[in-house]
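Descriptive analysis of the structure
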Amino acid sequence: MVKLKSILKWAFICLILAFIYFPIIFLTINSFKASDYIQDPWTGFDLAHYEYFFNWENEPLQVVAQTLGLALIVATLSTILGTVGSIGIFYSKKRTNGLLSAVNRIPVINADVVTAISFALLISFLGIDKSTYLPLIFGQMLLCTPFVVLSVIPKLKQMDNHLYEAALDLGATPTKALFTVIIPQILPGILAGFLLSITLSLDDYVIAAYTKPDSFATISTHIYGLDKNNILGAKIKAAYWAFTAIIFFIIVLIVIISNVIAYKKAGKKR
Amino acid sequence: MTTAKLKPHFSRKLLAIPYALFLAIFVVVPLFIVLYYAFTDDNNVFTWDYLILFFTDGGSLAQFFSSPIFQTISLSLFISLMSTIVCLLIAYPVAYIIANCKLKNKSTLLLMFIVPMWVNFVLRINALKEFFVWIGTYNKSDAWNIINTIIGMVYDFLPFMILPIYTTIIKIDKSYLEAAKDLGATAPKAFLKVTLPLSKSGIISGISMVFLPSMTNYVVSNYLTYRNVKIFGKLIDDYFSGDLWHDGSFVALVLLLFMFLVTWLTGGFEADEQSETRGTSLW
């Protein structure tokens, strides 16, 4: 009886994992076939989609590069703004603290589409040109910074506050104390906020769609806007199968490495 | 403390100013602009027109229930509700099994459910679409379109349901369960009386992280149904793509109020867990 229950349990887990991974694995397999269309039968192993993807002349690689670049810029700016803001919020009076934390929560709760259109209305109200990239960068910062604040504030709460006072008493300037005492203690939160910002920026479709310059595309807007009925569209779409497969391989690698590290750590403890 | 106060040094509070300005300009002001557009016409004159149009569809109040807006909202609510239920039915057992398994590397197993999120979500939805094309259910009928949308939402949001539930279950003190058993409770009864109530906060934050996004993430519904299923988020997008800013702002306002209501009901304004599960605990 116990054994049956255990088998059922793991069968369930495997079933759900299959559901989660099957579409990606399915696409990975198809990325190695010659045709650009999913319905076409397998005619043998082919790297054509990979060749197309890795050719700098073609759109997909350019789009991937500029999406990554945008994510890095947005994440860096969000992390700086969010970290400085968190320290400020943490040391302000209770009322200011409560008010800012509440407003910080609005973009987190709000639907992306409402955030995007309200921001787009502001942009048109102020008359800022989208081709300056400022709307896109500020728009995505709006998406990311609240999460940076949410990952830094808990670390500030855990921090030992006496160390900062001690540093001041020992003659450190407040700026020096900030960088040598506070920042190192909240660094894990800052890093988490930075990484989260990168994933949020990479994943964003709606904000980018409403704020990007017409000539610019991110991975999300590019795939979404592809015209699959024309030959070039189908080719680009198939190149993204290759890209999906590459990311999938990287992820599998990360899981394996993290597993090995965890296993080694456990071994050392014994 | 007193010595520090005596020293003249810059106040750390001041560091909040740049972010406070950022929030004021990019969060608070835009919401007021939405409010402004919802209640003014093209000549900047105050009007109830868009409210009346929303609820009457140009006729009487009774027509609301046959209007396209009502159909979109009810379909969207149905999809959202089904996605949330399916997510919960999958996520709870998964979180429970992982939290209670005897494996040493529980976090690796959990990681396997989370990592697909690192693939860009349009790429992931594209993979699902190609799969639907292959098995032949893509855009086959209205019913299939709705089913495919629900599958897409579950596929996209499942990790957001698993994580908060897992975090609450793993925190439950095992001695409660032992006590329940010592007092004669059967295993199912101990689960119903101890584990389930103690994981309530995780379930609620999971629900709020799936329910609201599945009403608004129109990329999923558009992409998986050849734009044949229209959800609440798409309604707003359509108005703005069609330059109907006033109509769009009013609908956005309705959605905004609905979201505040749901968040208030689920206690999302107080709990930090909701956002923490999306963020920090992943890393």
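Residues numbered from 1 in each chain as written. Chains lettered and ligands numbered in written order. Predicted model: local features only at pLDDT ≥ 70, side-chain atom pairs only at ≥ 80, totals over all residues.

With respect to the overall build of chain B
Within chain B, the secondary structure is distributed over 15 helices and zero strands. Its C-alpha atoms give chain B principal-axis dimensions of roughly 75 × 70 × 35 Å. When each of the 283 residues of chain B is scored for burial, the buried share is 43%. (Helix = DSSP H or I, 4+ residues; strand = E, 2+ residues; numbered from the N terminus. Buried ≥ 20, exposed ≤ 12 C-beta atoms within 10 Å, placed from the backbone.)

What to know about the overall build of chain A
When you go through chain A residue by residue, the secondary structure sums to 11 helices and zero strands. In chain A, the succession of α and β elements from N to C terminus is α-α-α-α-α-α-α-α-α-α-α. Its C-alpha atoms give chain A a radius of gyration of 24 Å, clearly above 18 Å, the size a compact globule of 270 residues would have. Dimensions of chain A, computed from C-alpha atoms along their principal axes, come out at roughly 75 × 65 × 35 Å. Look at the contacts in chain A between residues 6 or more apart in sequence, and 74% of them connect residues 24 or more apart. (Rg over C-alpha atoms; globule rule 2.2 N^0.38 Å. Contact = placed C-beta atoms within 7 Å.)

Some thoughts on the interface of chain A and chain B
Contacts between the two partners involve 71 residues from chain A and, on the opposite side, 73 residues from chain B. Residue composition of the side of chain A that touches chain B, grouped by class: 51 nonpolar, 14 polar and six charged. (Nonpolar A, V, L, I, M, F, W, Y, C, P; charged D, E, K, R; others polar.)

Structural notes on the confidence of the model for chain A
On average, residues of chain A carry a pLDDT of 91, and 99% of them reach 70 or more. Of all helices and strands in chain A, the one with the weakest mean pLDDT is helix H11 (residues 231–269) of chain A (86), whereas helix H3 (residues 59–91) of chain A scores best (96). (pLDDT = per-residue confidence, 0-100.)

Details of the nonpolar core
Of all hydrophobic cores here, the largest spans 137 residues; its most connected members are Ile117(A), Met161(B) and Ile162(B). Looking at which element gives the most residues to this core, the answer is helix H7 (residues 142–171) of chain B, with 14 residues. Residues lining this core come from more than one domain, with at least three contributed by each of domain 1 (2–50) and domain 2 (55–240) of chain A. Setting aside anything within four residues of it in sequence, one finds Ile117(A) in contact with Tyr210(A), Ile236(B), Phe240(B), Gly248(B) and Ala252(B). (Core = buried A, V, L, I, M, F, W, Y, C linked by C-beta atoms within 7 Å. Domains from an automatic or database assignment.)

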